[in-house]
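Here is how the chains run, residue by residue.
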Amino acid sequence: QVRLVESGGGLVRPGGSLRLSCTTSGGRFRTRTMGWFRQAPGEQRTLIASIFDDGSAAYYDSARGRFTISRDDAANTLYLQMSSLKPEDTAAYYCNTAPVPDETSWGLGTQVIVAS
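Just so it is clear, the structure is predicted and the values come from calculations on it, not from any experiment. (Residues numbered from 1 in each chain as written. Predicted model: local features only at pLDDT ≥ 70, side-chain atom pairs only at ≥ 80, totals over all residues. Heavy atoms only, no water.)

Turning next to the state of the cysteines. Taken as a whole and judged by the stated rule, the model has one disulfide. Here Cys22 pairs with Cys95 through a disulfide, and the sulfurs are 1.8 Å apart. An S-S torsion of about 55° defines the bridge between Cys22 and Cys95 as right-handed. In this pair, Cys22 is assigned in strand E3 (residues 18–25) and Cys95 in strand E9 (residues 91–97), connecting sequence segments 73 residues apart. The two residues Cys22 and Cys95 agree in class, both being buried. (Disulfide = S-S within 2.5 Å. Helix = DSSP H or I, 4+ residues; strand = E, 2+ residues; numbered from the N terminus. Buried < 20%, exposed > 50% of the residue type's maximum accessible area, 1.4 Å probe, protein only.)

Across the sheet, six strands lie side by side as E2-E10-E9-E4-E5-E6; this open sheet has mixed pairing. Strand pairing shows two members of the sheet lacking a second neighbour, strand E2 (10–12) and strand E6 (57–59), which therefore form its edges. Here the average twist between neighbouring strands, direction ignored, is 25°. Summarising the sheet, strand E4 (residues 34–39) and strand E5 (residues 46–51) pair through five bridges and their orientation is antiparallel. In the strand pairing of E5, Phe37 is matched with Leu47. (Pairing = 2+ DSSP bridges. Axes fitted to C-alpha atoms, helices over the stretch in contact; angles between N-to-C directions.)

The structure is reproduced here in structure tokens:
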């Protein structure tokens, strides 16, 4: 059973930055394409960034140009550096395999609130 634990969220002012972390266990992290998803209130959970096992990355929608996904395979950890945050980035953020998430492995997520 893969276990995913997200952390690093919080309250930040518009224009600020946050770094999210996702620690994984119980799976073959190094060989998997991983991604960050987010779910705003009343909306569906969507993929915003993914990183392949070779370290190359892809970004979707508003994550382009402001967010950077990275991974530390030795530590089985995924990161999301977010900058120039906007109120519309307010959401719960989750990590999982990408582009197809493992529906049995969702963690609790980490909440990001962007407000002044």
